[in-house]
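Observations on the three-dimensional arrangement
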Amino acid sequence: MVSGRTFIQNPGPTNIPDRVLRAMARPAIDFGTTEFSALLDSCLTRLNEHMGNSGPLIGYTSTGHGAWEATVTNLFDTGARVLLCDSGHFSHRWGEMCEAHGLDVCWFETGWQRGVDPDALRDALSTDAGRHIEGILLAHTETSTGVTSDLQAIRTVLDDLEHSALLVLDAIGSFGCTPINVDTLGVDACLVVSQKGLMMPIGLAFTGISDRAVDAAYANERGRFYWDWRRRLEAEGYRMFCGTPPIHHLFGLDEALCMIAEEGGIEAVTSRHRRLADAVRSAVGVWGEAGALEFNATKESERSDSVTCVRLAANYDADHVVAIARERFNLSMGSGIGPLAGSAFRIGHLGDLNVPMLLGALGAVEASLRVCQVPIGTGGLEAATKMLSEVSS
Ligand SMILES: *Cc1c(COP(=O)(O)O)cnc(C)c1O
């Protein structure tokens, strides 16, 4: 269909608001000016506030993979032992990157349908009597599985055990969607990107770091250059980007941050994500009553407010559902990744999204399931509509 908009319900990239696109459609400015340094400072300050981080915030012109590599190479020397919480495709890949950089990776498996179980983590860390594990790496929201881990419970385990490992958090899929406070949770490095909850094009990534992380980076003798936090921390203004700064992305980010403020701040934005996610979950719950589909995330409280991963019964082809949605109903969704390829699809509900957009998307998902003759309980869309009409705003 060529008429109307194509809906992007991928869990990244997400919808880019027209306001953000327009803010970027302007000539470059001289990055040596006070105009540019004020823009950069203001963006960094607001982002850090949203993260709850009082430490430095380091920016890169890169994808999330770049922020991963920067964080790993700055915090850990070759041979350092880290505990990698493998909760899905993205965290798994991060672990592979750690191995490529010579880290001694202890794989902590969650089974890809669960987040990090605090009791299992406690057991795993209890065996580390000599405190050889220097870092615990996890994805807050694993975008490939639709699972969000309970960060407070993880913090409590570390505190109880008085384990001093650095807590390194991929908040790429959760930032702007699920509340997070880096200082309160004692997170030492918090990674975010532009193209998910921040409603921006791909190309900007950030790591908010603690004083302990700064110290670890300075003590780490590993050779590095482009990603080197020392180089970036010591550089003035735009030089933090280690090259020509991403001027247009900062124009866009400034506008996106204004939109967050206009909505009532980051809490209002995460509350909206919760409401919309609840609506998706109520629709999926009803569809699942016919027994042909279910939530990938088995524990209800771990179902993500950014993305819902739906598994189909063995005899149905999830890629067909994704293809029908795209080709017939102008709806782009995420496919299953890794072991979930062909058996799951993912509905992204993060970033610039409101009620009619979400209901339109859910209607298109329901229609696609019908086209593919996947049996579904009746009234999924109605359940979502009802839920949204009952909440106050
Ligand atoms: C999208 C995503 C990434 C990868 O980000 P890129 O910008 O594609 O490199 C990493 N982790 C999580 C949790 C993600 O959702």
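**So, the site of the ligand**
T63, G64, H65, W68, F90, T141, T143, D170, I172, G173, Q195 and K196 make up every residue found near the ligand. Within the side chain of T143, one N or O atom sits 2.3 Å away from an oxygen atom of the ligand. Within the complex, the protein chains bury 91% of what would otherwise be the 380 Å² of accessible surface of the ligand. The element contributing the most residues to the shell around the ligand is helix α3 (residues 64-75), with three residues. Counted by class, the shell around the ligand contains three nonpolar, seven polar and two charged residues.

**Quick look at the nonpolar core**
In this structure, L125, I136, L138, L250 and L253 are the most contacted members of the largest nonpolar core, which totals 53 residues. When residues in this core are grouped by element, the largest group, eight residues, is from helix α10 (residues 247-263). Dropping the residues within four chain positions of it, L125 is found in contact with L83, R131, I133, I136, V157, L158, L161 and H163. Core analysis: the second largest hydrophobic core is formed by 33 residues, A283, A292, I324 and A384 among them.

**Quick notes on the sheet that holds strand β10 (residues 204-209)**
Ordered by their spatial adjacency, seven strands build an open sheet running β2-β10-β9-β8-β5-β3-β4, and the pairing between neighbours is mixed. Only two strands of the sheet have a single partner each, and these edge strands are β2 (57-61) and β4 (104-109). The sheet shows a mean angle of 20° between the axes of neighbouring strands, direction not considered. Each of β3 (81-86), β4, β5 (133-139), β8 (166-170) and β9 (189-193) touches helix α4 (residues 89-100); the most contacted strand, β4, lies at about 165° to it. The strands touched by helix α5 (residues 118-126) are β3, β4 and β5; relative to β4, the strand with the most contacts, the crossing angle is about 150°.

**Overview of the packing of aromatic side chains**
A full pass over the atoms with the stated rule returns four aromatic pairs. Ring-pair connections join several aromatic residues into one group, and the members of that group are Y60, Y226 and W227. Lying over the aromatic face of F90, K196 brings its terminal NZ or CZ to 5.2 Å of the ring centre. Sitting over the face of the ring of F295, R303 holds its NZ or CZ atom 3.9 Å from the ring centroid.

**What about the side chain of N296?**
Position of N296 relative to the elements: it lies in the loop between β11 (293-295) and β12 (307-312). Taking relative accessible area as the criterion, N296 reaches 0% and is therefore assigned buried. A polar side-chain atom of N296 sits 3.0 Å from the main-chain carbonyl oxygen of T145.

**Here's the deal with the domain arrangement of the protein chain**
Each assigned domain of the protein chain is listed with its residue range as follows: domain 1 (7-13 + 265-392) and domain 2 (18-261). Taking the mean C-alpha position of each, domain 1 and domain 2 sit 27 Å from one another. The interface of domain 1 with domain 2 comprises 27 residues on the first partner and 28 residues on the second. Roughly 2,300 Å² of surface becomes buried between domain 1 and domain 2 when both sides are summed, with 58% attributable to carbon and sulfur atoms. Its largest share of buried area at the contact with domain 2, domain 1 owes to I266, E302 and I337, together 24% of the area lost on that side. Taken together, the connections running from domain 1 to domain 2 amount to one salt bridge. Our count for the domain 1 to domain 2 interface comes out at 12 residue pairs in polar contact (both at pLDDT 80 or more). Secondary structure elements with two or more residues in the side of domain 1 that touches domain 2: α11 (266-287) and β12. Among the elements that take part in the side of domain 1 that touches domain 2, α11 stands out by supplying four residues, more than any other. Across the side of domain 1 that touches domain 2, the residue classes tally to 11 nonpolar, nine polar and seven charged.

**Quick notes on the sheet that holds β11**
Spatial strand order, β1-β13-β14-β12-β11: five strands in an open sheet with mixed pairing. At either end of the open sheet lies a strand with only one pairing partner, and these are β1 (7-9) and β11. Here the strands of the sheet are splayed against their neighbours by 35° on average, with no regard to which way each runs. Strand direction decides the pairing type here: β1 and strand β13 (residues 331-335), joined by three bridges, are parallel. Looking at β13, one finds that I8 is bridged to S332.

**A word on the packing of α3 against α4**
Between α3 and α4, whose axes approach to 10 Å, the crossing angle comes to 45°. Taken together, the axes of α3 and α4 lie oblique to each other. The hand of the α3/α4 crossing is right-handed. Touching H65, W68, E69 and V72 of α3 are F90, R93, W94, M97 and C98, all from α4. Tallied by class, the residues present in the contact of α3 with α4 amount to six nonpolar, one polar and two charged.

Rules used in this analysis
- Residues numbered from 1 in each chain as written.
- Predicted model: local features only at pLDDT ≥ 70, side-chain atom pairs only at ≥ 80, totals over all residues.
- Heavy atoms only, no water.
- Near = heavy atom within 4 Å.
- Polar contact = N/O pair within 3.5 Å; in protein donor to acceptor, adjacent residues only side chain to side chain.
- Areas by Shrake-Rupley, 256 points an atom, 1.4 Å probe, with all protein chains shown as cover.
- Helix = DSSP H or I, 4+ residues; strand = E, 2+ residues; numbered from the N terminus.
- Nonpolar A, V, L, I, M, F, W, Y, C, P; charged D, E, K, R; others polar.
- Core = buried A, V, L, I, M, F, W, Y, C linked by side-chain atoms within 4.5 Å.
- Buried < 20%, exposed > 50% of the residue type's maximum accessible area, 1.4 Å probe, protein only.
- Contact = heavy atoms within 4.5 Å.
- Pairing = 2+ DSSP bridges.
- Axes fitted to C-alpha atoms, helices over the stretch in contact; angles between N-to-C directions.
- Phe/Tyr/Trp six-rings, centres within 6.5 Å; stacked < 30°, edge-to-face > 60°.
- Lys NZ or Arg CZ within 6 Å of the ring centre and 35° of its normal.
- Domains from an automatic or database assignment.
- Buried area = accessible area lost by both parts, 1.4 Å probe.
- Salt bridge = Lys/Arg side-chain N within 4 Å of Asp/Glu carboxyl O.
- Parallel < 35°, antiparallel > 145°, perpendicular 65-115°, else oblique.
- Left-handed = near helix turned anticlockwise from the far one by under 90°.

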